[in-house]
Amino acid sequence: MSEVAPLHRTLEQELQALLRGVSLECLVCGEFVLHAGGMITCPECGSTLRAEAGSEKTQLQLETQAG
């Protein structure tokens, strides 16, 4: 038998997958996200993710609202 490979990813890997469009799952609630106008938004929990322009490295901002 072969070894079992780990399936977990780090938060940074999950964020990069969201930005590339590989993942469509919200990191907060697990629902599907919408990609529109450079923003990634979850219609279920209202969290948004956007890349800041004008920096050498991609800087991410995650905004959530409790409620």
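Quick notes on the rules
Residues numbered from 1 in each chain as written. Predicted model: local features only at pLDDT ≥ 70, side-chain atom pairs only at ≥ 80, totals over all residues. Heavy atoms only, no water. Helix = DSSP H or I, 4+ residues; strand = E, 2+ residues; numbered from the N terminus. Buried < 20%, exposed > 50% of the residue type's maximum accessible area, 1.4 Å probe, protein only. Contact = heavy atoms within 4.5 Å. pLDDT = per-residue confidence, 0-100. Polar contact = N/O pair within 3.5 Å; in protein donor to acceptor, adjacent residues only side chain to side chain. Disulfide = S-S within 2.5 Å.

Asker: Explain the overall build of the protein chain to me, using residue names and the numbers behind them.
Answerer: Helix and strand counts for the protein chain come out as one helix and four strands. Traced from its N-terminal end to its C-terminal end, the protein chain shows the element sequence α-β-β-β-β. For the protein chain, with 67 residues in total, the buried portion stands at 16%. Intrachain contacts of the protein chain at a sequence separation of at least 6 include 10% that bridge at least 24 residues.

Asker: Give a detailed account of the confidence of the model for the protein chain, specifying residues and quantitative values.
Answerer: Here the protein chain averages 78 in pLDDT, and 75% of its residues register 70 or above. By mean pLDDT, strand E4 (residues 59-63) is the weakest element of the protein chain at 57, and strand E2 (residues 39-41) is the strongest at 89.

Asker: Any chance you could break down the environment of Leu19 for me, citing the residues and the numbers?
Answerer: Positionally, Leu19 belongs in helix H1 (residues 11-20). The sequence separation of Leu19 and Gly38 amounts to 19 residues, and the corresponding C-alpha distance is 9.2 Å.

Asker: Requested: an account of the environment of Ile40, with residues and values cited.
Answerer: By the element assignment, Ile40 lies in strand E2. For Ile40, a relative accessible area of 6% translates into the label buried. Setting aside residues up to four positions removed in sequence, Ile40 forms contacts with Leu18, Leu19, Val33, Leu34, His35, Ser47, Thr48 and Leu49.

Asker: Tell me about the environment of Leu24, and name the residues and values.
Answerer: Within the secondary structure, Leu24 sits in the loop between H1 and strand E1 (34-36). Residues Leu24 and His35, spaced eleven residues apart in sequence, show a C-alpha to C-alpha distance of 8.8 Å.

Asker: Quick one: what's the story with the side chain of Ser23, residue by residue and with numbers?
Answerer: Topologically, Ser23 is positioned in the loop between H1 and E1. Judged by its relative accessible area of 9%, Ser23 falls in the buried class. Reaching out from Ser23, the side chain makes a polar contact with the backbone nitrogen of Glu25 at a distance of 3.4 Å. In this structure, Ser23 is in contact with Glu14, Ala17, Leu18 and His35, ignoring residues within four places of it in sequence.

Asker: Which residues make up the state of the cysteines, and what are the values?
Answerer: By definition, a disulfide links two cysteine residues through a covalent bond between their sulfur atoms. According to the stated counting rule, one finds zero disulfides in the structure shown. With no disulfide of its own, Cys26 has Cys45 as its nearest cysteine by sulfur position, at a separation of 3.7 Å. On the basis of relative accessibility, which here comes to 5%, the residue Cys26 falls in the buried class. Left unpaired, Cys45 is separated from the closest cysteine sulfur, that of Cys42, by 3.7 Å. We classify Cys45 as partly exposed; its relative accessible area is 24%.

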